[in-house]
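# What the coordinates show
Next come the chains, spelled out residue by residue.
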Amino acid sequence: MFGLGPEDWQAIRLTFRLCLYTTLILLVIATPLAWWLSSGRSAVRVAVQAVVALPLVLPPTVLGFYLLIALGPRGFIGGSLEAIGLQHLAFSFEGILVASVLYSMPFAVQPLTEAFNNLGRRPVEVASSLGAGPIDRFVSVILPLTRGGFVVAATLTFAHTIGEFGVILMLGGSIPGETKVLSVLIYDHAEAMNYDAAHRLSLMLLVFAFFTLFLVYGMTRRFSVARL
Amino acid sequence: MFGLGPEDWQAIRLTFRLCLYTTLILLVIATPLAWWLSSGRSAVRVAVQAVVALPLVLPPTVLGFYLLIALGPRGFIGGSLEAIGLQHLAFSFEGILVASVLYSMPFAVQPLTEAFNNLGRRPVEVASSLGAGPIDRFVSVILPLTRGGFVVAATLTFAHTIGEFGVILMLGGSIPGETKVLSVLIYDHAEAMNYDAAHRLSLMLLVFAFFTLFLVYGMTRRFSVARL
Amino acid sequence: MSLSIQAQVRRGGFTLDVAMELPLEGVTALFGRSGCGKTTLLRVIAGLERASGASVRFGREVWQQQRRFVPLHRRRIGLVFQEHSLLPHLSARENLLYGYTRTAPALRRLHLQEVSDMLEIGGLLGRSIDQLSGGERQRISLGRALLSSPQLLLLDEPLSALDAQTKREIMPYLSRLGSEAGVPIIMVTHAADEVERLADRVVFMREGAIQQIESLRDALARADSPLFADEGAASVLLGSLSPPERGGLRRFGVEGATLWVPQAGAMLATGATRLRIPARDVVLALNDPQHTSIQNHLRVTIERIDYSEQERCLVATRTLDDQLLLAEVTPWAVRHLQLQPGMQVYALIKSVTLIQVG
Amino acid sequence: MSLSIQAQVRRGGFTLDVAMELPLEGVTALFGRSGCGKTTLLRVIAGLERASGASVRFGREVWQQQRRFVPLHRRRIGLVFQEHSLLPHLSARENLLYGYTRTAPALRRLHLQEVSDMLEIGGLLGRSIDQLSGGERQRISLGRALLSSPQLLLLDEPLSALDAQTKREIMPYLSRLGSEAGVPIIMVTHAADEVERLADRVVFMREGAIQQIESLRDALARADSPLFADEGAASVLLGSLSPPERGGLRRFGVEGATLWVPQAGAMLATGATRLRIPARDVVLALNDPQHTSIQNHLRVTIERIDYSEQERCLVATRTLDDQLLLAEVTPWAVRHLQLQPGMQVYALIKSVTLIQVG
Amino acid sequence: QKFTVAAAADLRYALDDIAVLFRDAHPDHTFNIVYGSSGKMTTQIMNGAPYDVFFSADIAFPKRLQAAGLTATEPTVYAIGRIVVWSTVMDASSLSLQDLATDARIRRIAIAQPTHAPYGMRAQEALVSAGLWAAVEPKLVFGENIAHTAQMVESGAAEVGIIALSLALFPRLAEHPHRLIDDALHQPLTQGYVVTQRAAGNSAAVRFAQFMRTEPALEIMHRYGFVLPR
Ligand SMILES: Nc1ncnc2c1ncn2[C@@H]1O[C@H](COP(=O)(O)OP(=O)(O)OP(=O)(O)O)[C@@H](O)[C@H]1O
Ligand SMILES: Nc1ncnc2c1ncn2[C@@H]1O[C@H](COP(=O)(O)OP(=O)(O)OP(=O)(O)O)[C@@H](O)[C@H]1O
Ligand SMILES: [Mg+2]
Ligand SMILES: [Mg+2]
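This section reports on the structure supplied with the text. Just so it is clear, the model here is predicted, and its values are computed rather than measured.

### With respect to the coordination of the magnesium ion (ligand 3)
Within the first shell, the magnesium ion (ligand 3) binds the protein through Thr 39 of chain C (OG1) and Gln 82 of chain C (OE1), at distances of 1.9 to 2.2 Å. Placement of Thr 39 of chain C in helix H1 (residues 38-46) and of Gln 82 of chain C in the loop between strand E7 (77-80) and helix H2 (92-100) is noted, with a sequence separation of 43 residues between them.

Set out below in structure tokens:
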């Protein structure tokens with residue numbers, strides 16, 4: 001289909017899985033973090049906010065190299081995992097997942113922090129007065145009112161994870177079905193001057209991404225929070 | 001200083017220039033674009049919003065490859081420039097600037113669109129009623145009220161431009177003083193297993209980025225827009 | 001059963017410092033000038049302003065005391081905020097039902113249909129929030145608080161954006177809620193007519209402190225009451241209202257001290273009730289004048305004459321059934337009629353000025 | 001000079017359809033039930049609701065007509081929104097000065113000092129917006145609009161969150177602005193006392209349409225006026241007020257139809273003025289009763305007796321100087337006194353009930 | 001005169017030394033060297049890159065440029081590369097290719113990506129010729145280029161790797177022993193250079209290209225593990 005071979009489909013499935021997991025994990029991590037960041041103004045918070053953005057400033061392969069060392073068998077994290085009888089994380093799906101999460105963190109944390117900042121305390125107070133407990137409030141009020149921030153966070157994370165290959169190349173080792181994601185595959189094709197394949201995959205990726213984003217943005221209902 | 005040689009300083013200056021220009025240009029482009037995107041809900045707008053995010057999904061070197069073709073002497077853009085007696089844009093500072101702007105576009109456009117969405121029309125109406133014309137309103141009301149969105153846009157753009165090297169490597173060709181930015185230099189050092197230099201530059205970059213971000217986030221005064 | 005609050009809250013140069021006990025029945029009006037701390041007090045009661053060292057007790061429930069702090073969502077308080085606070089992502093109906101669906105079915109006392117009828121918001125239910133007018137939003141807020149079937153209602157100027165007719169339709173409803181349904185209401189208002197018609201007692205606040213807590217009757221009787229800066233003092237007579245007699249008029253009070261009250265639609269219920277009589281509507285006469293349109297001639301004894309205001313005198317009198325009746329007259333009239341304590345005079349009251357307040 | 005508006009605006013099921021002309025002087029009250037389109041009308045005048053096909057003309061300036069559309073910031077309109085609309089990134093002072101600094105110095109008529117004194121907001125200037133109470137915010141909004149020295153003020157319930165005393169202090173100021181400073185004011189309000197004290201004319205709206213535009217005097221005189229659903233009709237007498245005589249009382253009106261008015265502080269200015277007399281405060285008597293605290297006895301002629309309401313009759317009478325004076329009495333009194341048109345009777349009015357309205 | 005040299009990454013250490021010699025000999029020439037992947041540089045030259053001399057890791061790339069009419073000289077072989085087995089966690093000198101398939105300590109083997117990296121292609125050929133490809137394939141991880149491959153091994157994340165001899169001789173990496181792979185098992189890594197069309201009139205660039213064939217340069221190339229063309 002679309003002139004794609006099994007290797008392509010494998011990479012597509014893998015990419016989709018990586019993006020989905022990364023986005024979900026990031027939203028789970030970033031939401032409480034962003035909430036905490038937006039709920040006060042101490043120097044610690046400002047520092048954490050700055051630290052979150054730091055992975056961005058390193059060239060991806062260099063970040064990948066540092067992660068390779070940290071997550072590999074001789075690194076602090078990989079070594080600790082091996083010590084308790086687990087596998088280290090280099091050259092594994094879990095490893096590139098960790099890397100993607102780390103690398104895309106600012107794209108999730110920053111828009112969410114901003115969305116929470118803009119929320120104000122009134123909606124939460126209103127929901128409390130109507131008998132909604134903390135979780136209920138989060139689901140029924142905070143989430144829908146900051147939906148825009150979540151959409152930005154999720155789409156930036158998702159799109160960026162699709163395209164990122166520097167970190168993944170270094171840390172993942174292009175193992176088919178495990179760490180050879182679509183971006184790595186396209187890169188390989190392009191480097192091998194295999195342009196037909198590269199163009200075909202790129203085009204497919206663009207079309208897919210376009211429709212996904214179109215749907216997501218199109219479905220996001222808008223309401224003016226400022227009206228409250 | 002800091003054990004850095006003239007080549008390093010040249011790359012640092014270049015990087016700083018690239019980031020600064022990219023951020024400034026992006027804010028200038030993204031602001032009206034985001035304003036337009038947030039001012040209605042037509043399918044065209046949703047499509048444009050999706051298109052803006054597309055550069056993200058391509059692997060950077062592949063994007064760099066396409067840009068190289070487009071901006072190079074044989075490409076549509078580069079060719080047209082040559083036809084009117086100008087230089088094509090590949091392998092030049094202007095070229096990587098164009099690429100950085102394009103690539104970081106979603107990081108600027110998305111948070112701004114979201115910020116404008118949240119603004120509501122009341123503040124603008126208030127300012128109008130008090131005699132403020134469109135530009136005045138923008139500067140005295142919209143800008144300060146969406147400051148958070150601008151900070152997110154600017155920091156993500158700036159940080160991402162520091163770290164990005166895939167596009168730049170491909171399109172720029174590592175010409176010292178012209179396209180050999182810090183990320184390319186660090187990448188080069190790492191490739192050459194010149195780890196001391198790579199670590200030193202990375203550390204410097206991280207420290208610099210941390211303090212910059214710390215200052216920016218720390219200085220951003222917060223107020224709850226939702227109170228309006 | 002009472003609500004007792006003890007709190008100190010500091011906000012910049014402003015300090016709220018209260019220690020008070022309010023009976024948990026009927027309607028309590030919170031009255032005071034702009035910025036005196038009314039909203040802050042309500043927020044303390046609701047637990048939104050978490051003053052350290054404060055204590056708030058609601059009947060037998062301890063809401064706040066030392067370490068103990070019951071969060072707002074467990075207090076079952078219905079809150080109407082001073083500024084509009086509808087949730088913008090929900091429709092009018094969803095806003096109304098937000099608290100309702102979160103109330104155990106056994107505790108639900110009110111239902112969408114009756115509340116939306118009462119507030120005349122039936123036609124708005126499908127609308128989104130920004131398709132509502134200011135007054136419509138305020139009514140939805142009130143309805144939403146009512147539908148959460150709270151055990152205490154805190155209303156911060158809940159009727160300020162409403163027209164007189166809508167207010168008149170809502171007020172009896174609130175009043176019944178306060179008395180019959182046993183949901184105590186604490187309500188901030190600047191409108192004297194709301195206090196008059198709704199309140200059982202008035203809490204006067206001033207610069208962050210409670211100045212006085214008075215029953216409505218006492219509050220009305222004071223010549224210098226801040227309540228009626230505009231309208232002056234008034235008295236409240238207790239009595240029972242007969243069914244219509246004599247040309248639709250109804251008898252109020254005991255033999256020898258009978259007032260004739262007009263029917264005035266559904267507002268007047270037969271039985272024990274209260275009538276408000278503005279002091280300035282009471283005419284004093286030395287003998288019983290005939291041939292005037294004034295129907296109500298009561299024999300009263302002057303008790304006290306109060307010259308506190310420059311050009312008005314407040315004459316306190318006792319009716320035959322020993323109730324207080326105030327008359328506001330000019331100093332000229334006092335001199336002209338040579339009024340003095342102990343004197344017996346006639347108090348003339350026009351029927352049309354009588355208002356039933358409870 | 002007049003403001004003429006012709007517009008049709010559709011919002012879902014609601015349609016605003018107006019075509020009217022308002023004189024550009026004094027205060028025009030916009031009166032109508034919640035949701036009748038008052039805010040929408042103000043927004044059309046301001047150009048915030050850009051109805052196609054609408055036309056708005058302000059004196060000689062064409063603000064909207066066919067292609068022509070003058071944006072709000074060039075209309076020099078002072079706007080107080082119904083809901084609080086302070087700019088949250090500015091302090092109270094910066095909010096107040098936002099319009100001021102954008103007004104050419106030559107056009108500035110008001111300055112920070114006097115406005116902040118008038119509104120009693122001097123102590124709040126340094127505060128940020130979320131450190132203000134509801135009423136404080138409302139006053140800042142009003143002050144901000146005033147400080148932009150507009151040529152037209154559109155006020156959407158500008159005093160709704162204010163206590164009676166503050167209102168009483170602000171109203172004369174607005175009134176003077178409307179008359180002396182020549183800044184026409186269009187003001188939405190639900191409070192009868194604001195209409196009474198401020199308005200020169202009243203625009204009655206109902207379900208998106210203009211029902212009637214009346215001078216305050218006519219509006220007050222109607223028994224069925226929606227203005228005074230609570231208080232009933234009233235008459236306004238024109239006359240001139242003398243300096244204090246007879247024990248501080250002041251003479252009002254012509255010989256033979258003199259009313260004695262108490263001093264009542266600064267509220268009463270000597271000279272040509274208007275007095276409002278609620279119809280229910282007027283007692284009718286067949287002969288001039290002596291020995292009562294009522295000071296004002298006017299000889300009047302009954303012109304018409306209106307039985308429109310079930311238990312109240314409105315008796316329209318003429319004073320000797322041919323002004324309309326309304327008295328509200330019970331049907332019993334009409335029968336008892338055998339009142340009928342043409343009859344000469346005495347109208348008794350307590351001095352303390354007189355209110356100066358302009 | 002100024003010029004820019006584009007060179008394959010595996011030449012890095014050798015060429016840096018040669019550049020020093022050339023600078024001493026021709027102090028009036030200013031030039032800089034850009035290292036990168038041969039494929040990427042070929043693409044760049046095809047799209048107007050300002051490279052005057054191109055040292056490729058595989059002579060196939062200069063030949064492509066020639067076919068596109070972008071060269072000023074014939075593609076010329078300047079060295080032949082060798083590949084080695086290398087490890088930082090075990091003694092690679094005692095490792096045979098066979099051990100890569102059988103040694104239980106070896107969980108991951110790093111090679112360069114065969115689809116576009118010349119060294120990776122030769123590594124794959126060697127493993128295939130040795131009949132080990134199917135056995136080692138599940139253990140393989142792929143580096144973007146030969147330097148990445150070396151880094152994967154260096155970090156210990158891959159126990160062994162097949163890298164360029166020139167890298168294995170680099171002082172830092174030479175601490176760990178390596179084992180040369182029989183060059184009969186794979187096609188020769190014929191490295192060629194070419195002077196690009198834009199440098200046709202640039203005598204300095206041509207001089208630099210020719211300098212590679214001089215004795216001192218060849219000596220350095222040899223020292224860094226390149227076999228010299230006959
Ligand atoms: N998008 C809409 N769809 C349907 N009805 C609307 C929409 N927007 C406004 N309305 C209706 O228009 C009417 C006029 O609104 P407007 O705000 O002008 O009322 P108002 O007279 O100012 O009322 P209030 O005194 O309550 O502020 C209201 O009945 C409102 O429900
Ligand atoms: N952060 C602050 N710093 C200084 N003063 C504050 C701060 N927050 C609130 N205040 C003051 O506290 C006082 C009480 O505010 P509150 O909102 O309780 O008043 P209120 O009685 O509800 O007034 P209104 O009738 O105008 O709504 C006000 O004078 C307000 O200016
Ligand atoms: Mg308040
Ligand atoms: Mg309105």
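### A word on the interface of chain B and chain A
When the parts come together, some accessible area is lost, and that loss is often what is quoted as the size of the interface. Counting from both sides, the interface comprises 64 residues of chain B and, opposite them, 64 residues of chain A. At the junction of chain B with chain A, the criterion picks out zero salt bridges. Mapped onto the side of chain B that touches chain A, the elements with two or more residues apiece are helix H1 (6-38), helix H2 (43-53), helix H3 (60-71), helix H5 (93-119), helix H8 (147-163), helix H10 (182-191) and helix H11 (195-219) of chain B. The dominant element in the side of chain B that touches chain A, judged by the number of residues it contributes, is H11 of chain B, at 12 residues. Classifying every residue of the side of chain B that touches chain A by side-chain character gives 40 nonpolar, 19 polar and five charged.

### Here we look at the pairing of strand E2 (residues 14-23) of chain D
All names here are of chain D. The alternating pattern of E2 places Phe 14, Leu 16, Val 18, Met 20 and Leu 22 on a buried face, while none of Thr 15, Asp 17, Ala 19, Glu 21 and Pro 23, on the opposite face, is buried. One ladder, built from 10 bridges, connects strand E1 (residues 2-11) with E2; its direction is antiparallel. Bridging across to E2, Val 9 finds its partner in Leu 16. Hairpin connection, E1 to E2: the antiparallel pair is bridged by two residues, and Gly 12 has positive phi, about 60 degrees.

### Considerations on empty space enclosed by the protein
Approximately 380 Å³ is the volume found for the largest cavity. Counting residues per element, the ones that place at least two in the lining of the largest cavity are helix H4 (134-147) of chain C together with helix H4 (134-147) of chain D. In terms of residue count, the dominant contributor to the lining of the largest cavity is H4 of chain C (four residues). Considered class by class, the residues forming the lining of the largest cavity number six nonpolar, 13 polar and five charged.

### Concerning the arrangement of the chains
Taking contact number as the criterion, the leading pair out of six pairs of chains in contact is chains A and B. Regarding chain A and chain D, the two do not touch, and the least distance separating their C-alpha atoms is 10 Å.

### Digging into the environment of Phe 138 of chain A
All names here are of chain A. Here Phe 138 shows up in helix H7 (residues 134-145). Along the backbone, Phe 138 and Ala 127 are 11 residues apart, and their C-alpha atoms lie at a distance of 9.5 Å. Not counting chain neighbours up to four residues away, the residues in contact with Phe 138 comprise Thr 31, Leu 143, Pro 144 and Phe 150.

How each quantity is defined
Residues numbered from 1 in each chain as written. Chains lettered and ligands numbered in written order. Predicted model: local features only at pLDDT ≥ 70, side-chain atom pairs only at ≥ 80, totals over all residues. Heavy atoms only, no water. Donors = N, O, S within 2.8 Å, 3.2 Å for Na, K, Ca; no water. Helix = DSSP H or I, 4+ residues; strand = E, 2+ residues; numbered from the N terminus. Contact = heavy atoms within 4.5 Å. Salt bridge = Lys/Arg side-chain N within 4 Å of Asp/Glu carboxyl O. Nonpolar A, V, L, I, M, F, W, Y, C, P; charged D, E, K, R; others polar. Buried < 20%, exposed > 50% of the residue type's maximum accessible area, 1.4 Å probe, protein only. Pairing = 2+ DSSP bridges. 1 Å grid on protein atoms, 1.4 Å probe; cavity = no way out; pocket = protein on both sides within 12 Å on 5 of 7 lines; lining within 4 Å. Points joined across faces, edges and corners; volume = space filled by probe spheres on them.

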